[in-house]
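Here is how the chains run, residue by residue.
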Amino acid sequence: MHGEWAAKHLQVIRTLMERSALYRQALAPIMLRLGFLGLAAGGLGYASGWDDPRAFIGLWIATATVAFGWTLGMVRRQALKDEEPFWSPPARRVVQALLPPLAAGMFFAFLLLAKHSWNPLAVWGLTCGWMVLYGCAMNAAGFFMPRGMKLFGWLFIGAGCATLLALTCPERLPLLRWGHLVMGGVFGGLHLTYGVYLRWTETNLDAV
Amino acid sequence: MDRNQPGCCVDPEPFLQLDRVIHERGRMAIMSLLAASPELSFTELRDLLKMTDGNLSVHIRTLQESGYLAVTKSFHGHRPLTTCALTPAGQTAFARYLKLLEQIVRQTRPEKT
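Residues numbered from 1 in each chain as written. Chains lettered and ligands numbered in written order. Predicted model: local features only at pLDDT ≥ 70, side-chain atom pairs only at ≥ 80, totals over all residues. Heavy atoms only, no water.

## Notes on the overall build of chain A
In terms of regular secondary structure, chain A is built from seven helices and zero strands. Listed N to C, the secondary structure of chain A is α-α-α-α-α-α-α in terms of helices and strands. Looking at chain A as a whole, 42% of its 208 residues qualify as buried. When contacts within chain A are restricted to residue pairs at least 6 apart in sequence, long-range pairs at least 24 apart make up 82% of them. Summing over all exposed atoms, chain A offers an accessible surface of approximately 11000 Å²; the carbon and sulfur share of this is 70%. (Helix = DSSP H or I, 4+ residues; strand = E, 2+ residues; numbered from the N terminus. Buried < 20%, exposed > 50% of the residue type's maximum accessible area, 1.4 Å probe, protein only. Contact = heavy atoms within 4.5 Å. Areas by Shrake-Rupley, 256 points an atom, 1.4 Å probe, with all protein chains shown as cover.)

Below you can see the structure in the form of C-alpha cells.
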C-alpha cells in the first residue's frame, strides 16, 4: 500500500522536475515541419538556379524567418492546448541558449549583404558557418531539452566542418546553386530525420 | 508467510522519517520544481502549479520558516519580483525525502530470487 503511494509520489516529483527543467513542447511536429521547409527551400533554390549570392543569402534568411515564425506559432498553440505558460522557465532557458549562435549567424549574413561581398567563397563559408553555429545552438539548447538534442547539434557541427573540408579539396569552387542542395539536405534532412525519430519514439513510449 | 509478498514485513521507519514539511502535496510540488531549477519567480511557480497567490504564499512561508527556501525580493524594471530558490538545507532535505520514498518503494517490491 505504502509502496504504491510512494511510487506515485516519486512519479509526480519526476514529472514536476522535468516540467521545471526540460523543454519538451511540440518538438516532433516542429522538427518535421522544419525538415520539410528546409527541403522545400533547398529544392526551390536549386530548381530556380539562383546562383547569385544575394539571392542565396536572401532565400535562406527568408527560410529562417519563416521557420522561426512557424516554430513560435506551434509552441504557442501547444502551450495553449496544454494550458501551460508559453514563456515557461525551460522555454526561457532554451531561448537564452539558442540566441548567441543564431544571432552570430544572422550577423555574418547581414555583414556579407552590407559589405556587398559577392565572393562565392565567402558565401560558401557562410553556409558552413551557419551549420556550425546552428549546431552549437542546438547543442547548447540540448542541456534543457530531452532526447538526443545535443547529438543533433553535433551532427550539424560535423556537417558544417565536412562541407568546409570538401570545399578545400576541389580546384574549382562548386556553383552556389549546389549550396541550396547542401543547405536543404543538411537542414531539411537532419530536421526531418530527427522529427521522425522523435515521433517514432513518442509512439513507442505511448504504447508502453 | 511469504517474505516475498508485497507488504510483508515492511519496516515503518522510513515512512515515519518522512519530512512532514515537504510531504504536503503543494509544498512537495514547489520543492520538486525548485530542485530542478536554480530559481523560479513567484509568478512562474504559480503558473506552473496553477495555485492561487494566497495558497502559494502560505506554502512558501512554511518552507521559508523551515529554512528550506530562500526568498529574494527585487525589482524587474518597475515591477516587484519575488524569486524563490532552495537553500542547501532544502536541497539536503529534499534529497533525503526522495531517498526515503525510494526506500519505501524498494521495501514493498518483492525481492528477485
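Picking up where we left off.
## Looking at the overall build of chain B
Secondary structure summary: chain B contains six helices and three strands in total. Listing every helix and strand of chain B by position from the N terminus yields α-α-α-β-α-α-β-β-α. Pairs at least 24 apart in sequence give 56% of the contacts found in chain B among residues at least 6 apart. Taken as a whole, chain B presents about 6900 Å² of accessible surface, with 52% of it coming from carbon and sulfur.

## Structural notes on unusual backbone geometry
All names here are of chain B. The phi torsion at K50 lies on the positive side, around 55 degrees, for a residue other than glycine. Inspection of the secondary structure assignment puts K50 in the loop between helix 4 (42-49) and helix 5 (53-65). A relative accessible area of 51% means that K50 is categorised as exposed.

## Re the sheet that holds strand 1 (residues 40-41) of chain B
Residue and element names in this part refer to chain B. Strand order in the open sheet formed by three strands is 1-3-2, and the pairing between neighbours is antiparallel. Bordering the open sheet on either side are strand 1 and strand 2 (69-76), each of which pairs with just one other strand. Sheet topology note: the strand 2/strand 3 (residues 79-86) ladder contains eight bridges and is antiparallel. Bridged to V71 within strand 3 is C84. Strand contacts of helix 5: strand 2 and strand 3, with the helix running at about 125 degrees to strand 2, the strand carrying the most contacts. (Pairing = 2+ DSSP bridges. Axes fitted to C-alpha atoms, helices over the stretch in contact; angles between N-to-C directions.)

## Observations concerning the state of the cysteines
Within this structure, the stated rule accounts for zero disulfides over all chains. For the unlinked cysteine C161 of chain A, the closest cysteine sulfur is that of C128 of chain A, found at 8.4 Å. (Disulfide = S-S within 2.5 Å.)

## Here we look at the interface of chain B and chain A
Residue-level contacts link 25 residues of chain B with 19 residues of chain A. Interface area for chain B against chain A, summed over the two sides, is near 2000 Å², with a carbon-plus-sulfur share of 75%. The partner of R92 of chain A in a salt bridge is E44 of chain B, and the shortest N-O contact between them spans 2.1 Å. Linking chain B with chain A are two residue pairs in polar contact (both at pLDDT 80 or more). Elements that contribute at least two residues to the side of chain B that touches chain A include exactly helix 3 (25-35), helix 4 and helix 6 (88-108) of chain B. Among the elements that line the side of chain B that touches chain A, the one with the most residues is helix 6 of chain B, at eight residues. Tallied by class, the residues present in the side of chain B that touches chain A amount to 17 nonpolar, four polar and four charged. (Buried area = accessible area lost by both parts, 1.4 Å probe. Salt bridge = Lys/Arg side-chain N within 4 Å of Asp/Glu carboxyl O. Polar contact = N/O pair within 3.5 Å; in protein donor to acceptor, adjacent residues only side chain to side chain. Nonpolar A, V, L, I, M, F, W, Y, C, P; charged D, E, K, R; others polar.)

## What about the pairing of strand 3 of chain B?
Residues and elements named next belong to chain B. The pairing of strand 1 with strand 3 spans two bridges and is classified as antiparallel. Across the sheet, residue S41 finds its bridge partner in strand 3, namely T83. If you look at the hairpin formed by strand 2 and strand 3, you'll find two residues sitting between the two strands, and G77 has a positive phi there, around 70 degrees.

## Looking at helix 4 (residues 89-114) of chain A
Residue and element names in this part refer to chain A. In a regular helix each residue adds 1.5 Å, so 26 residues correspond to 38 Å; helix 4 covers 36 Å between its end C-alpha atoms and thus fits that length. For helix 4, the principal kink sits at L99 and spans about 40 degrees; a proline, P100, occurs within the next four residues. Listed as buried for helix 4 are P89, P90, A91, R93, V94, A97, L98, P101, G105, A109 and L112. At the C-terminal side of helix 4, H116 shows a positive phi close to 50 degrees. (Expected span 1.5 Å × (residues − 1). Bend = angle between axes of the 7 residues up to and from the residue.)

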